[in-house]
Amino acid sequence: MTSVAEQLWDPSDRGVLRLPSGRLVRGRALRRPLPPGPAPDFAVQLLGRRPADTPWESHWLRWPDFALPSDRGRAGELFAEAWERAGGERVEVACGGGRGRTGTALACLAVIDGVPADRAVAFVRRYYDARAVETPWQRRYVERFTTR
């Protein structure tokens, strides 16, 4: 029997992260072509400049490369929405390269999903990309991220 999440993303596809709850979220690099298969239903785009429009619902979070989100309150809101929607929709989190900002956001989703904040970076590096979360300040951001 397949879970609802597996009907949404193929867990074996590149960039798909399975959270401990079973929710699947796809991380990706916006500099690369859209992967084959279904399009996201909802996306959070983490870029320093406003991205091009997409045919699916997406939200832009201003987040310069190698930095932190410009609006941390908005970041928390978008991460919570992405986590909630991943329970029944195809959710994607993306930045230019798909590692630093995307990995940081995925680690925050892991915290929301119940992974202890001090283990979330290791979780994402193990199950998403070994080089995810590129800077010390991104790592500290995850370690201090709370779901309040």
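Residues numbered from 1 in each chain as written. Predicted model: local features only at pLDDT ≥ 70, side-chain atom pairs only at ≥ 80, totals over all residues. Heavy atoms only, no water.

- By the naming in an unreviewed UniProt entry, the protein chain is Protein phosphatase, taken from Streptacidiphilus alkalitolerans.

Let's talk about the pattern of salt bridges
Step number 1: By the definition in use, this model includes 10 salt bridges.
Step number 2: Linking arginine 85 and glutamate 89 is a salt bridge whose minimum nitrogen-to-oxygen distance equals 3.0 Å.
Step number 3: Overall, the relative accessible area of 17% leaves arginine 85 in the buried class.
Step number 4: Shared partners join several salt bridges into a network, and the residues in it are Glu57, Glu81, Arg85 and Glu89. (Salt bridge = Lys/Arg side-chain N within 4 Å of Asp/Glu carboxyl O. Buried < 20%, exposed > 50% of the residue type's maximum accessible area, 1.4 Å probe, protein only.)

With respect to helix 4 (residues 120-127)
Step number 1: Those residues of helix 4 not exposed but buried are Ala120, Val121, Phe123 and Val124. The arc that holds the buried residues of helix 4, viewed along the axis, is 160°, so those residues lie on one side. Exposed residues lying more than 90 degrees from the buried face of helix 4 are Ala122 and Arg126.
Step number 2: Along its buried surface, helix 4 packs onto strand 1 (16-18), helix 3 (100-112) and helix 5 (136-144). (Helix = DSSP H or I, 4+ residues; strand = E, 2+ residues; numbered from the N terminus. Arc of directions from axis to C-beta. Contact = heavy atoms within 4.5 Å.)

Remarks on the side chain of glutamine 138
Step number 1: If you trace the backbone, glutamine 138 turns up in helix 5.
Step number 2: Among residues more than four places away in sequence, those in contact with glutamine 138 are Trp63, Phe66, Ala67, Leu68, Gly100, Arg101, Thr104 and Val133.

Here we look at the packing of helix 2 (residues 72-85) against helix 3
Step number 1: Contact geometry of helix 2 with helix 3 gives a least axis separation of 10 Å together with a crossing angle of 65°. Taken together, the axes of helix 2 and helix 3 lie roughly perpendicular to each other. Handedness of the crossing formed by helix 2 with helix 3: right-handed. Across the interface between the two elements, Phe79, Ala80, Ala82 and Trp83 of helix 2 pack against Ala105, Cys108, Leu109 and Ile112 of helix 3.
Step number 2: Taken together, the residues of the contact of helix 2 with helix 3 sort by class into eight nonpolar, no polar and no charged. (Axes fitted to C-alpha atoms, helices over the stretch in contact; angles between N-to-C directions. Parallel < 35°, antiparallel > 145°, perpendicular 65-115°, else oblique. Left-handed = near helix turned anticlockwise from the far one by under 90°. Nonpolar A, V, L, I, M, F, W, Y, C, P; charged D, E, K, R; others polar.)

A word on the nonpolar core
Step number 1: Within the largest apolar cluster, 38 residues are counted, with the highest numbers of intra-cluster contacts made by Leu19, Val25, Leu46, Phe79, Leu106, Leu109 and Val124.
Step number 2: Counting only elements with at least two residues in this core, the list comes to strand 3 (42-47), helix 2, strand 5 (91-95), helix 3, helix 4 and helix 5.
Step number 3: Broken down by element, this core gets its largest block of residues, eight residues, from helix 3. (Core = buried A, V, L, I, M, F, W, Y, C linked by side-chain atoms within 4.5 Å.)

Regarding helix 3
Step number 1: Spanning 13 residues, helix 3 covers 19 Å between terminal C-alpha atoms, matching the ideal 18 Å at 1.5 Å per step.
Step number 2: Counted residue by residue, helix 3 has 13 buried out of 13 residues, so it is predominantly covered.
Step number 3: Backbone geometry just downstream of helix 3 places glycine 114 in the positive-phi region, at approximately 115°. (Expected span 1.5 Å × (residues − 1).)

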